[in-house]
Amino acid sequence: MANTIEDSLSVLKLKTTLQVFVSFPSPYTQTLLLQALTSHLPSLSILSSLPSNPPTPSSPLLMWCDYDEMDHELIHEAAGSPQPVLLASSYIYRKALIRKNFLHLTTHEYLAKDSQRKTIRSQTSGHPLEPESALVKAMPKGSTFELQFADELDELFADELYLLGEEMEQAEKEGEKRWWILKPAMSDRGMGIRLFSSRSELEEIFEEMEEDSDEEEEEEEEGEEEEGRGVSSSQLRHFVVQEYLPSPLLLLPSTAPHPAPANHKFHLRAYFLLSSSYTTLLARTTLALFSSLPYSPPSSHEESLLPHLTNTCLQPPMSPGEVNEENVHLLWELEGREVKGGGVLTKEVLERVWKEVGEVGAEAIKAAVECGSVHMQTLPNCFEIFGVDFLLTLPTPSSTTASNLHPQVHLLEFNASPDFHQSGTRLQAEIKTMFEGVVKGVVAPHFGFETTVDEDEEEQGAKKSESGWNGDWKVGDERFGWGCFGKGEVRGGW
């Protein structure tokens, strides 16, 4: 009887045609995804639009497209199906990660609970206190607040921004110039970010935003539209203010061909893959994105924020519509570079940085799942790639040498629907390989399809038997260019 059931399932797999709907505005992303899917999956039916009929076990559906094009009701209905009839490339609710104010609040709540749990365990067991979460040092100190008009700041400094006001007063008494960074919670691509060092500068920022918002409303009434205005008035209500992180890791000049820029600030763009309910993976394809202008400490008289903002979309392109690829590098291409202040980015240092990025990102996702409430809900038939940004800093004053270089990893933000086109043509093969890893590590196992293992993966320790791998990731596993850093189960979830 058992053999009959297994034979029936095998026949069903052979007859199964996977419907695939891939839709992204970027030809770069669209092409690479289709290449990854057709290279590693069996019978496919590529669709130009979502099907009118619901998916079935013999004709399941892969929905890999922009969030706004998804059928969210269908995703939710299919989540309860005993058969894997649908897989979608985005979760329905994930604001706890991608909204800057929600990310700050959920991690703050999580760290408070985590500290309390560890204290209770230590007291009841008599064992030493467990190490603190990696998020403690990785999350920049800051506050969240809501503001609509500039004259509301006085009230905020008596409440949500009270500690910020105290820090400003203390810095002024000590004659210290300290800086903070203001971020609209809902904006992306670096829009609306400002630096300030005093209460008066913060007030000027909001007065300027209020004037821009008034002008925007007048233009809307007159039916005029203008692009490139930064953030809209609807985005300028929720904010995060954080300490400006001094002493970013900077590189010294190099004589290597096509080196990453020296003395330019950069951040890491790490790709995290969250799947089902839930597994957290980190791609080996981690980017180092550089500013186009040399770094210098913040100044009240700066005309440009480019030395401080490393978003690729803000850097001047080589030609219109293209990416300045001189500012885009792989993390692993920094091996051997000397660091300003002392030390060398050896292979061991870069490997340690990558692992710490994985640990911090996985912990932030755990915080969102545990404390994000309605703003973070995982589903068994969803996966999503997030572009997560990190900054590396060094101690001040630096006591770094070649033998003890240990940059501090700081979590900046999670980005949904990352723009892979910003990686440029040079790294196109790396992005394609990363997508292939998603197909082989998540998509194929979800539907029970088999994929082949190539020679490169065999050299990395993969086995031929993994062609029938069931997708059961464990923390510490590394397959298909992805490493597993987190695995959890939602209490009361699916």
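For the structure, check the block above.
Residues numbered from 1 in each chain as written. Predicted model: local features only at pLDDT ≥ 70, side-chain atom pairs only at ≥ 80, totals over all residues. Heavy atoms only, no water.

1. Looking at the pairing of strand β16 (residues 482-487)
Reasoning step 1: The element β16 is extensively covered by neighbouring structure, given that 5 of its 6 residues are classed as buried.
Reasoning step 2: Relative to β16, strand β10 (residues 279-283) is paired through 5 bridges, and the arrangement is antiparallel. Of the residues in β16, the one forming a bridge with A283 is W482.
Reasoning step 3: Counted between consecutive antiparallel strands, the loop separating strand β15 (residues 478-479) from β16 contains 2 residues, among which F480 sits at a positive phi close to 55°. (Buried < 20%, exposed > 50% of the residue type's maximum accessible area, 1.4 Å probe, protein only. Helix = DSSP H or I, 4+ residues; strand = E, 2+ residues; numbered from the N terminus. Pairing = 2+ DSSP bridges.)

2. Some thoughts on unusual backbone geometry
Reasoning step 1: Note the cis peptide between S277 and Y278, where omega equals -5°.
Reasoning step 2: Within the secondary structure layout, Y278 lies in the loop between β9 (266-275) and β10.
Reasoning step 3: Look at H258: it is not a glycine, yet its phi comes out positive at around 50°.
Reasoning step 4: Within the secondary structure layout, H258 lies in the loop between β8 (238-243) and β9.
Reasoning step 5: Note on H258: relative accessible area 75%, which makes it exposed.
Reasoning step 6: The backbone of S276 sits at a positive phi, close to 55°, despite the residue not being glycine.
Reasoning step 7: Among the structural elements, S276 can be located in the loop between β9 and β10.
Reasoning step 8: You can call S276 partly exposed: its relative accessible area is 27%.

3. Quick word on the sheet that holds strand β6 (residues 180-184)
Reasoning step 1: With antiparallel pairing, the 4 strands of this open sheet are ordered in space as β5-β8-β6-β7. The sheet is open, and its two borders are formed by β5 (142-146) and β7 (194-196), each paired with just one other strand. The mean inter-strand angle of the sheet, taken between neighbouring strand axes irrespective of direction, is 25°.
Reasoning step 2: The sheet contact formed by β5 and β8 spans 5 bridges and is antiparallel. Following the sheet pairing, S143 is matched in β8 by V241. (Axes fitted to C-alpha atoms, helices over the stretch in contact; angles between N-to-C directions.)

4. What about the side chain of Q422?
Reasoning step 1: With respect to the secondary-structure elements, Q422 resides in the loop between β14 (408-415) and α11 (428-447).
Reasoning step 2: A polar side-chain atom of Q422 sits 3.0 Å from a polar atom in the side chain of D419.
Reasoning step 3: Beyond its immediate stretch of four places on either side in the chain, Q422 contacts R189, T312, C313, V323 and V328. (Polar contact = N/O pair within 3.5 Å; in protein donor to acceptor, adjacent residues only side chain to side chain. Contact = heavy atoms within 4.5 Å.)

5. A look at the nonpolar core
Reasoning step 1: Counting 65 residues, the largest nonpolar core has M63 and F390 as the members making the most contacts within it.
Reasoning step 2: Looking at which element gives the most residues to this core, the answer is helix α10 (residues 347-371), with 13 residues.
Reasoning step 3: When sequence neighbours within four positions are dropped, the list of residues in contact with M63 reads F21, L50, M70, D71, L74, I75, L86, L87, A88 and S89.
Reasoning step 4: Core analysis: the next-biggest nonpolar cluster, separate from the first, contains 40 residues, V20, L32, V323 and F435 among them. (Core = buried A, V, L, I, M, F, W, Y, C linked by side-chain atoms within 4.5 Å.)

6. Side note on α10
Reasoning step 1: Under the 1.5 Å per step criterion, the end-to-end length of α10 is 36 Å for 25 residues, consistent within 8% with the ideal 36 Å.
Reasoning step 2: Looking at the residues trailing α10, positive phi occurs at S373, about 55°. (Expected span 1.5 Å × (residues − 1).)

7. Here we look at the sheet that holds strand β2 (residues 44-47)
Reasoning step 1: What the 4 strands build is an open sheet, ordered β2-β1-β3-β4; its pairing is parallel. Of all strands in the sheet, those with a lone pairing partner are β2 and β4 (86-88), marking the two edges. Across the sheet, the axes of successive neighbouring strands diverge by a mean angle of 20°, strand direction being ignored.
Reasoning step 2: Inspection of the sheet shows strand β3 (residues 61-65) paired to β4 by 3 bridges, in the parallel sense. Within β4, the residue paired with M63 across the bridge is A88.
Reasoning step 3: Against the sheet, helix α2 (residues 27-40) engages β1 (18-23), β2 and β3, with an angle of about 165° to β1.
Reasoning step 4: Along the sheet, α11 makes contact with β1, β3 and β4, crossing β3 at roughly 150°.

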